[in-house]
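Architecture at a glance
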Amino acid sequence: MTDIYGTLGPSCASVETLTEMFRAGMTGIRINLSHEGLRAGGDRIVMIHQASRLAGVRPKILMDMQGPELRIGVLAEPVNMTEGGRVVFAEEGAGQIPVPAIVLEALTPGREVLLDDGRILAVILTGDGSRAEAEVLRGGLLQSRKSIAVHGAVIHPPTMTEADLRNIRDAAEFGITGIMQPFVRSRQDLIEVRQALRENGADHLELIAKIENRQGLGRLPELLKEADSVCIARGDLGNDMDLWKLPAAQKEIGRQCRQAGVPFMVATQMLFTMTSSAVPTRAEVSDIFNTVADGASGVMVTGETAVGSYPVEVIRYLANTAAAGEAFRAGGFDAMGLL
């Protein structure tokens, strides 16, 4: 059976809504730790356990770590980045958009910067390692703590943060069943996470390697020797290559996982239009169906349930479409009962 994952957020932060989501087919839920820790969000996690008991489901509860993912800092207020406008990147408190020092060093003239999972695009005009000015090529409203990626730059932040280690220590208390390690770059990343799990009494957690860049994609065979499962995280992976090459990358990761006997899930924009629409597009449904027919062990939505308007309907479409993909995988067209 394909696992159906939602993501916890304001739109589903009630026992009633979470119960309906479990009853609609949700079997697991992702907790995004990029913005707050397990303990800070403890009340919401209690809701997950209450709702799952009411629905009669024993869910997988995954914590998505900060890891080496790069994010902007806290903004004084959201920044409306308009096409053709100029913005300034600098360290915290010194510019319009605060970014880590390790990112500033990579902001050299001509570099393209992708923000908020690639929704916003800018190009660096000037940069001296402490301050960079950029022109906005694709605009949007930028909120605090959104992702930042510098196209073509090699940036190597630590595998885990202090916040990650605190969350690992708290995992058992909150009933966490798995850990999603972002931006896995090499086998050594996973070895370090395994060691941290052992040292903090959390070695029972499932270790899920998120493939989010070409570096991880290129080293996938060695990662499959350390990971319990894989997540094809298409948001940042799609930022690190031409977008039209992303489907081939997904197919190749799935092929290697099947060959190695390692389960894999697929995430990002599976039902993106349902963030504001009660029904998905035909393309989205086809995407989910083909993902499951190709052997995925799980499918995951993120913002659709975290901040979208129709979290229960999202899970219903996700679960029903995945079930159709399972039927096709098992028995082909005749098993679908269409004729």
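In what follows, the accompanying structure is described. The residue count restarts for each chain, going from 1 along the sequence in the order it is written. Local features in this predicted model are restricted to residues whose pLDDT is 70 or higher, and side-chain atom pairs enter the listing and the counts only when it is 80 or higher, whereas totals over whole chains, interfaces and linings include all residues. Here the side-chain values reflect all heavy atoms present in the structure, with hydrogen atoms and water set aside.

1. Let's talk about the overall build of the protein chain
The helix and strand inventory of the protein chain stands at 12 helices and 16 strands. Projected onto its principal axes, the C-alpha positions of the protein chain cover 60 × 50 × 40 Å. Put simply, the protein chain has 339 residues, and 51% of those count as buried. Here a residue-residue contact requires only that any non-hydrogen atoms of the pair lie within 4.5 Å. Residue pairs at least 24 apart in sequence account for 71% of intrachain contacts in the protein chain once pairs closer than 6 positions are excluded. A residue counts as positive if it is Lys or Arg and as negative if it is Asp or Glu; His and the chain ends are not included. A charged residue contributes its charge at one atom only: NZ of Lys, CZ of Arg, CG of Asp or CD of Glu. Positive and negative charge centroids in the protein chain, built from 33 and 42 side chains respectively, lie 4 Å apart. In this description a helix means any DSSP run of H or I spanning at least four residues, a strand means any run of E spanning at least two, and both kinds are numbered starting from the N terminus. Type-normalised accessible area, obtained with a 1.4 Å probe on protein chains alone, sets the label of each residue: buried when under 20%, exposed when over 50%, and partly exposed for intermediate values.

2. Structural notes on helix H10 (residues 282-293)
Across its 12 residues, H10 extends 16 Å between first and last C-alpha, which sits within 8% of the 16 Å expected from 1.5 Å per residue. Among the residues making up H10, those that are buried are Glu284, Ile288, Phe289, Thr291 and Val292. Taken end-on, H10 shows its buried residues confined to a sector of 160 degrees, consistent with a single buried face. Among the exposed residues of H10, those pointing more than 90 degrees away from its buried face are Arg282 and Ala283. In this structure, the buried residues of H10 make contact with helix H9 (246-260), strand E15 (264-267), strand E16 (298-300) and helix H12 (311-331). Glycine 295 sits one or two positions beyond H10 and adopts a positive phi of about 105 degrees. An expected span of 1.5 Å times one less than the residue number is assigned to each helix. To be clear, the arc concerns the directions from the helix axis to the C-beta atoms.

3. Let's talk about the packing of aromatic side chains
Pairing of aromatic rings covers Phe, Tyr and the six-membered ring of Trp, with a centre-to-centre limit of 6.5 Å; geometry is then stacked below 30 degrees between planes, edge-to-face above 60, and tilted otherwise. Overall, the coordinates contain one aromatic pair when judged by the stated rule. Centroid distance phenylalanine 289 to phenylalanine 328: 5.5 Å. Interplanar angle 55 degrees. Geometry classified as tilted. Residue phenylalanine 289 is located in helix H10, and its partner phenylalanine 328 is located in helix H12; the two are separated by 39 residues in the primary sequence. The partly exposed category is assigned to phenylalanine 328, whose relative accessible area is 34%.

4. Details of the sheet that holds strand E12 (residues 178-181)
Note: two strands are recorded as paired if DSSP finds a minimum of 2 bridges between them. Strand order in the closed barrel formed by eight strands is E1-E2-E3-E12-E13-E14-E15-E16, with parallel pairing between adjacent strands. The mean inter-strand angle of the sheet, taken between neighbouring strand axes irrespective of direction, is 25 degrees. Direction of pairing for strand E14 (residues 229-233) relative to E15: parallel, over a ladder of four bridges. Counted as the bridge partner of valine 230 is phenylalanine 264 from E15. Contacting strand E13 (206-211), E14 and E15, H9 crosses the sheet at an angle of about 175 degrees to E14. Between N-to-C directions, angles cover 0 to 180 degrees, with each direction set by a line fitted to C-alpha atoms, over the stretch in contact for helices.

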